[in-house]
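Architecture at a glance
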Amino acid sequence: MSRGFNPPAQNWLVGHRGVDLPASQGDSVFSAGSGTVTFASVLAGRGVVVVTHGLLRTTYEPVAASVAVGQTVRSGQMIGTLQPGVSHCSVNHTVTCLHWGLLRGRVYMNPLSLVQVRLLPLYSAQ
Ligand SMILES: [Zn+2]
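Bear in mind the structure is a predicted one, so any value in this text is a computation, not a measurement.

1. Looking at the overall build of the chain
Across its full length, the chain holds zero helices and 12 strands. Starting at the N terminus and walking to the C terminus, you meet the elements of the chain as β-β-β-β-β-β-β-β-β-β-β-β. For 126 residues, the compact-globule formula gives about 14 Å, and the C-alpha radius of gyration of the chain, at 13 Å, lands near that figure. For the chain, the residues scored as buried account for 40% of the 126 residues in total. A fraction of 56% describes how many contacts in the chain between residues 6 or more apart in sequence connect residues 24 or more apart.

As structure tokens, then:
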């Protein structure tokens, strides 16, 4: 992990609403759990994929989606590849990480809380 979860004290303040996992452009991104794709498009200059798992949603960026809204995905199913975009994970058009977020309603949670059940959105290509 290259940057940890650091949610702001108030919603309008700057913080880090997720975790960054070191990665490179073109790396495959996998859904951290089974669910339904509820967003797969470009948002504010970077590709974003959102998978809804019941009450929870996981977000992945900057990602070129290979899935469509409404599609059901399994845990570990590929949902896209990393690509440069307007993101702190993309510097000078070079991708350095996957920003992975977890939401319950409008509340950001630490996605590493999911890792205890061996769910990770990014698997090494090696
Ligand atoms: Zn981040």
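Past the structure itself, the notes keep going.
2. Side note on the state of the cysteines
Within this structure, the stated rule accounts for one disulfide. Paired by a disulfide, Cys89 and Cys97 hold their sulfur atoms 1.9 Å apart. Judged by the sign of its S-S torsion, about -100°, the bond between Cys89 and Cys97 is left-handed. Of the two residues examined, Cys89 and Cys97, each falls in the buried class.

Conventions and cut-offs
Residues numbered from 1 in each chain as written. Predicted model: local features only at pLDDT ≥ 70, side-chain atom pairs only at ≥ 80, totals over all residues. Heavy atoms only, no water. Helix = DSSP H or I, 4+ residues; strand = E, 2+ residues; numbered from the N terminus. Rg over C-alpha atoms; globule rule 2.2 N^0.38 Å. Buried < 20%, exposed > 50% of the residue type's maximum accessible area, 1.4 Å probe, protein only. Contact = heavy atoms within 4.5 Å. Disulfide = S-S within 2.5 Å.

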